[in-house]
Amino acid sequence: MPELWKYMDAFDLPEGFSESKLSGTRFFKHLDHVPRIPLLYDPGVSIVLQGRKIGYLGDQAFQYDANNYLVVSVSMPFECETFATPEAPLLGLYIDVDMPVVRELVADMDQPVPDTPVDTLPKGIGPAPMDNRMTEVVGRLLQTLGSDTETRILGPALVREIFYRVLCGGQGPVLWSLAAYNGSFARIAEVLKMIQTDYARKLDVETMAGMVNMSVSAFHRVFKEITAESPMQYLKKIRLTRARAFLMEEDMKAYIAADRVGYESASQFSREFKRYFGQSPADLLRDMRAA
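Residues numbered from 1 in each chain as written. Predicted model: local features only at pLDDT ≥ 70, side-chain atom pairs only at ≥ 80, totals over all residues. Heavy atoms only, no water.

## As for the nonpolar core
Here is the rule we go by: Residues enter a nonpolar core if they are buried and are Ala, Val, Leu, Ile, Met, Phe, Trp, Tyr or Cys, with the set joined through side-chain atoms within 4.5 Å. To sort residues, take the accessible area from a 1.4 Å probe on protein chains only and compare it with the maximum for the residue type: under 20% means buried, over 50% means exposed, and anything in between is partly exposed. Two residues form a contact once any of their heavy atoms are found within 4.5 Å.
Core analysis: the largest hydrophobic core is formed by 93 residues, its most contacted members being Val-138, Ile-195 and Phe-219. Filtering out sequence-adjacent residues up to four positions away, Ile-195 remains in contact with Leu-203, Met-208, Phe-223, Tyr-234, Leu-235 and Ile-238.

Written as structure tokens, this is what we have:
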């Protein structure tokens, strides 16, 4: 089988993210090195076909490239550096986690939840080796995405097979735990899902712990094991990331974005925004308008 990135030549992709013909599957392309910046990944499988990325969580780092795909089981704010050149751009695809499909697979496999491998990364994110079987099915999916008819008929089954390969791979136990509906991982995942939609709501650790019937100490400990963040730090990063999207996509005034994501103080919002992204909201808007 040829190198997988060659299948993407036929798509003539623009830089950045672009939708494929299959819902829940997107292409990505970057032509240049992108310095370490804060990002938010929603649950999905990131498959890099050429180039590489390095993710950072606190003092930990992990690489995903043509030899290692990345599994994101819950929405994760982290920092990422992209390595690419115009001659060898970063190429890949991102497949959103379809939990109903994952749960069907877990039920069909009829096995106990496997032990989570011991490593130094939080359970919510991690790379896994791109073995021959995963490489083969990704190649078939890329070929299929070149045809409307084949995408409609074959695409969903190929994505299902990719999820099966993920469940059998090094990060499989994470998705197994998430699909099990019970246990600490699944309970924290419910809180994370709530934060994603209710980030402007007034929340504290006691309230969040009570939602999943956990003590504050146990909730705080497990939350950090999964996300590498305390609950309130995670909430802050989600709010800042959503606010940045409002500023960039809607050209929204900073004080309106601050209020939209739950900040009561516009000055506090500006300070925390600059600390996290390296520039103030005003600087971001000025740079966008000058581009």
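## Structural notes on the layout of surface pockets
To keep it simple, the criterion reads: Here a cavity denotes a set of grid points, spaced 1 Å apart and computed over the protein atoms alone, in which a 1.4 Å probe fits but from which it cannot get out, and a pocket denotes an open set meeting protein on both sides within 12 Å along at least five of seven lines; residues with an atom within 4 Å of a point are reported as lining. Grid points are joined across faces, edges and corners, and a volume is the space filled by probe spheres set on the points. Per the convention used, a helix needs a DSSP run of H or I reaching at least four residues, while a strand needs a run of E reaching at least two, with both numbered from the N terminus. We call Asp, Glu, Lys and Arg charged. Ala, Val, Leu, Ile, Met, Phe, Trp, Tyr, Cys and Pro are nonpolar, and the rest, Gly among them, are polar.
Put simply, the largest pocket is a space of about 1000 Å³. If you go around the largest pocket, you meet 27 residues; those closest to its centre are Phe-17, Pro-38, Leu-39, Leu-40 and Arg-244. Those elements giving two or more residues to the lining of the largest pocket turn out to be strand S1 (16–19), strand S2 (25–30), strand S3 (34–41), strand S8 (76–83), strand S9 (90–96), helix H8 (231–250) and helix H10 (266–277). Taken together, the residues of the lining of the largest pocket break down into 14 nonpolar, six polar and seven charged. Here the second largest pocket defines a volume of roughly 440 Å³. Pro-43, Met-99, Leu-178, Ala-189 and Lys-193 are, among the 17 residues lining the second largest pocket, the residues nearest its centre. Elements that contribute at least two residues to the lining of the second largest pocket include exactly helix H1 (99–109) and helix H5 (183–197). The element contributing the most residues to the lining of the second largest pocket is H5, with six residues. For the lining of the second largest pocket, the per-class residue count stands at nine nonpolar, three polar and five charged.

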